[in-house]
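# Residue-level structure breakdown
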Amino acid sequence: MKQIEKPGQAGTIESNDIMITLVPAGEGQGTTIDIVSPVLKQYGHKIRQVIEEVLAENNITNVIVQANDKGALDCTIRARVQTAIERALA
């Protein structure tokens, strides 16, 4: 399992995009995902699922994820989370 040591961010708050911010959490704190979205009731579960999948694929644990969604597609969410991870690990 990997743990990020510094914050990482990717994306914008433009329409059809999502801003993902990753912040290290303390050892054993687990993963917390906070989502802000105008479509949270309809798609919040799917947004959370995509974020969790990308974190799992990269073996990332103990992280706080802040997602500010503006109607992003799954492929955009996936790309933004992956980029934020790479920036946090660099």
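As a starting point, this report considers the structure included with it. (Residues numbered from 1 in each chain as written. Predicted model: local features only at pLDDT ≥ 70, side-chain atom pairs only at ≥ 80, totals over all residues. Heavy atoms only, no water.)

Below, the discussion takes up the nonpolar core. In terms of nonpolar packing, the biggest core is built from 22 residues, with Ile20, Leu22, Ile51, Leu55, Val65, Ile77 and Val81 touching the most fellow members. Taken together, the elements giving at least two residues each to this core come down to strand E2 (18-24), strand E3 (32-36), helix H1 (40-57), strand E4 (63-69) and helix H2 (74-89). With residues up to four places along the chain from it excluded, the contact list for Ile51 reads Ile20, Ile33, Val65, Ala67, Ile77 and Val81. (Core = buried A, V, L, I, M, F, W, Y, C linked by side-chain atoms within 4.5 Å. Buried < 20%, exposed > 50% of the residue type's maximum accessible area, 1.4 Å probe, protein only. Helix = DSSP H or I, 4+ residues; strand = E, 2+ residues; numbered from the N terminus. Contact = heavy atoms within 4.5 Å.)

With burial as the criterion, only one face of E4 is covered, namely that bearing Val63, Val65, Ala67 and Asp69; the residues Ile64, Gln66 and Asn68 on the opposite face remain uncovered. Relative to E4, E2 runs antiparallel, the two being bridged by 7 bridges. Within E4, the position partnered with Val23 by the bridge is Ile64. Examined bridge by bridge, E3 and E4 share 5 bridges and lie parallel to one another. The residue bridging Ile35 from the neighbouring strand is Ala67, located in E4. (Pairing = 2+ DSSP bridges.)

This part covers the sheet that holds E2. Across the sheet, which stays open at both edges, the 4 strands sit in the order E1-E2-E4-E3 with mixed pairing between neighbours. The sheet is open, and its two borders are formed by strand E1 (8-10) and E3, each paired with just one other strand. Averaged over neighbouring strand pairs, the angle between their axes works out to 10° when direction is ignored. Packed on one face of the sheet, H1 meets E2, E3 and E4 and runs near 140° to E3. Lying over the sheet, H2 contacts E1 and E2, oriented at roughly 150° with respect to E1. (Axes fitted to C-alpha atoms, helices over the stretch in contact; angles between N-to-C directions.)

That is the geometry; function is a separate question.
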